[in-house]
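Read off the chains here:
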Amino acid sequence: MEKLAIDGGKPVRKNLLPYGHQWVDEADIQAVVEVLRSDWLTTGPKVAEFERAFADFVGAKEAVAVNNGTAALHTAMYVVGVGPGDEVIVPPMTFASSANCIVFQGGTPVFADVDPGTLLIDPAQVEAKITPRTKAIIAVDYTGQPCDYDALRTIADRHKLLLVADASHALGGSYKGRPVGALADLSAFSFHPVKPITTGEGGMITTDDPGLAQRMRVFRNHGITTDHRQREQQGSWFYEMVDLGYNYRLTDLQCALGISQLHKLSEWVKRRQEIAQRYDEAFAGIPAVEPLEMRNDVSHAYHLYMIRLDLAQLRVTRAKVFSALRAEGIGVNVHYIPVHLHLFYRERFGTGPGLCPVAETAYERLITLPLFAVMRDQDVEDVIEAVRKVIEVYQL
Ligand SMILES: Cc1ncc(COP(=O)(O)O)c(C=O)c1O
């Protein structure tokens, strides 16, 4: 049996392979440089162009660009009308922003546990958490797999709730042939560098409701009804602040990068799916390694590839497997510490262990493997080799 790098053996790779990485090419760079030479660095023509291209891509009527995914979620909670006393249902197996956006508006996040196979929000748990104070449901397309939107839509309609998708992971995916971004009343996206496309930092909200889109454009601009370029075009200095908003604007530099990245998204999603399939095949032969389940009615965008360790078959903890894989040069990660276990939520909302047992148990076993479109075949094989090697040494 080969000696592990963590015990002084030779690592599978010398340089650490990250779990995610952007792909920026010459066309992207040129697109940004062109904007730098133009008159508009922000609030210019590239914003509307990116919004249109994005809305068309996901098949939504409207897209509203903002400066990160968290701002996108906050903006969504604003137009949903969440305020003090309101509850919003959200899964715990996600990044903190999915719940923080509710708290920004003074609302209360109510955590609904996830399905044990997919770790996506469980519609039955959602139904069980609805009260007269519930205002909306946030479905998180965790890892890039769309949630069960038909089931969630039925529940939302029955209780007159708005359905919001945190689709930060899932751009390029689809559910029953319908693209992510057109599955909920409002869908929020992130363009952080590890996400399906990047603008450095950036976000978007899609909707079919032009009234909501208009209110979101006001909210991202301090609550002011016209933007700088509109006033310039009208030759007017007058503006009115009609509500308390934020500066959540995305620059033209970033929008130009986003437009250029969007052209490549479909190819990138295919590449991610190809890598995921190679992982699935390789891990099918390792009993202590269990990939997440995939529903058969979705196209998975594979932002993340997750394995679950069967700890009963191993003589070490997840932490040890994690460190051993890092020592082999594989930049593994863990997504996520369930949000209701974070100190802030425990102190502010009295959440804690036992509230969402499925998410809590899953969390103990999860490891995220590297997956990004620009990964080479050899990188993928290195990951597989390292997982095989580490599991072989540690299995009972
Ligand atoms: C599920 C999810 N929601 C929201 C966000 C927040 O996005 P951003 O980092 O662009 O604010 C992220 C990003 O990490 C995420 O993974």
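Note that the structure is a prediction, hence the values are computed from the model and not measured.

Engineer: In this structure, what is going on with the overall build of the chain? I would like to understand it.
Structural biologist: When its secondary structure is counted, the chain shows 14 helices and 13 strands. Relative to a compact globule of 396 residues, whose C-alpha radius of gyration would be 21 Å, the chain shows 22 Å and is just as compact. Considering only C-alpha atoms, the chain reaches an extent of 75 × 55 × 40 Å along its principal axes. Expressed as a percentage of the 396 residues in the chain, the buried residues total 56%. Looking at the chain alone, contacts between residues at least 24 apart form 72% of all its contacts between residues at least 6 apart. Carbon and sulfur atoms make up 52% of the accessible area of the chain, which amounts to about 16,500 Å² in all. Between the mean site of the 40 positive side-chain charges and the mean site of the 49 negative ones, the chain shows a separation of 2 Å.

Engineer: Looking at this structure, how should I read the packing of helix α2 (residues 45-58) against helix α9 (residues 252-262)?
Structural biologist: Two numbers describe a pair of packed helices, the interaxial angle and the distance between the axes. Packing of α2 against α9 leaves a shortest axis separation of 8 Å and a crossing angle of 30°. As summarised for this structure, α2 and α9 are arranged roughly parallel, according to the angle between their axes. Crossing angle aside, the handedness with which α2 passes α9 is left-handed. Taking contact as the criterion, the partners of Pro45, Lys46, Val47, Glu49, Phe50, Ala53, Phe54 and Phe57 in α2 are, on α9, Asp252, Cys255, Ala256, Gly258, Ile259 and Leu262. Here the contact of α2 with α9 is built from residues that sort into 10 nonpolar, one polar and three charged.

Engineer: For this particular structure, what's the right way to read the pairing of strand β13 (residues 366-369)?
Structural biologist: Regular strands have side chains that alternate between both faces of the sheet. Side chains Leu366 and Thr368 of β13 all project onto a buried face; the interleaved residues Ile367 and Leu369 project onto the opposite face, where all are buried too. Of the pairings in the sheet, the one linking strand β12 (residues 305-309) to β13 comprises four bridges and is antiparallel in character. Paired with Arg308 across the strands is Leu366, a residue of β13.

Engineer: So what exactly am I meant to see when it comes to the sheet that holds strand β6 (residues 174-175) here?
Structural biologist: Strand pairing in a sheet relies on backbone hydrogen bonds, with the paired strands running either antiparallel or parallel. The sheet built from three strands is open, its strands ordered β7-β6-β11 with antiparallel pairing. Edge positions in the sheet fall to β7 (178-179) and β11 (298-299), since each has one partner strand and no second. Across two bridges, the pairing between β6 and β7 is antiparallel. Residue pairing in the sheet places Tyr175 in a bridge with Arg178 of β7.

Engineer: In this structure, what is going on with the sheet that holds strand β10 (residues 289-291)? I would like to understand it.
Structural biologist: Strand order across the open sheet formed by three strands is β10-β12-β13, with antiparallel pairing between neighbours. Taken across any chain shown, the strands that pair with only one partner, and hence form the sheet edges, are β10 and β13. The mean angle between the axes of side-by-side strands here comes to 35°, regardless of whether they run parallel or antiparallel. The pairing of β10 with β12 spans three bridges and is classified as antiparallel. Each residue of the ladder has a partner; that of Pro291, found in β12, is Ile307.

Engineer: Where do I start with the pattern of salt bridges in this structure?
Structural biologist: Should their charged atoms come close, side chains of opposite charge can pair. Counted according to the given criterion, the structure contains 28 salt bridges. Among the ionic pairs, Arg308 bridges to Glu290, the shortest N-O distance being 3.3 Å. Of this pair, Arg308 sits in strand β12 while Glu290 is found in strand β10, placing the two residues 18 residues apart along the sequence. When its relative accessible area of 4% is taken as the criterion, Arg308 is described as buried.

Engineer: Quick question: what am I supposed to make of empty space enclosed by the protein here?
Structural biologist: Empty space among the atoms becomes visible once a probe the size of a water molecule is rolled across them. In this structure the tally under the stated criterion is one cavity of 30 Å³ or more. Looking at the largest cavity, its volume works out to about 60 Å³. Surrounding the largest cavity, His21, Gln22, Trp23, Pro193, Lys195, Pro196, Ile197, Thr198, Gln261, Trp268, Arg272 and Ala373 form its lining. Here the residues of the lining of the largest cavity are counted per class, giving six nonpolar, four polar and two charged.

Rules and cut-offs
- Residues numbered from 1 in each chain as written.
- Predicted model: local features only at pLDDT ≥ 70, side-chain atom pairs only at ≥ 80, totals over all residues.
- Heavy atoms only, no water.
- Helix = DSSP H or I, 4+ residues; strand = E, 2+ residues; numbered from the N terminus.
- Rg over C-alpha atoms; globule rule 2.2 N^0.38 Å.
- Buried < 20%, exposed > 50% of the residue type's maximum accessible area, 1.4 Å probe, protein only.
- Contact = heavy atoms within 4.5 Å.
- Areas by Shrake-Rupley, 256 points an atom, 1.4 Å probe, with all protein chains shown as cover.
- Lys, Arg positive; Asp, Glu negative; His and termini not counted.
- Charge placed at Lys NZ, Arg CZ, Asp CG, Glu CD.
- Axes fitted to C-alpha atoms, helices over the stretch in contact; angles between N-to-C directions.
- Parallel < 35°, antiparallel > 145°, perpendicular 65-115°, else oblique.
- Left-handed = near helix turned anticlockwise from the far one by under 90°.
- Nonpolar A, V, L, I, M, F, W, Y, C, P; charged D, E, K, R; others polar.
- Pairing = 2+ DSSP bridges.
- Salt bridge = Lys/Arg side-chain N within 4 Å of Asp/Glu carboxyl O.
- 1 Å grid on protein atoms, 1.4 Å probe; cavity = no way out; pocket = protein on both sides within 12 Å on 5 of 7 lines; lining within 4 Å.
- Points joined across faces, edges and corners; volume = space filled by probe spheres on them.

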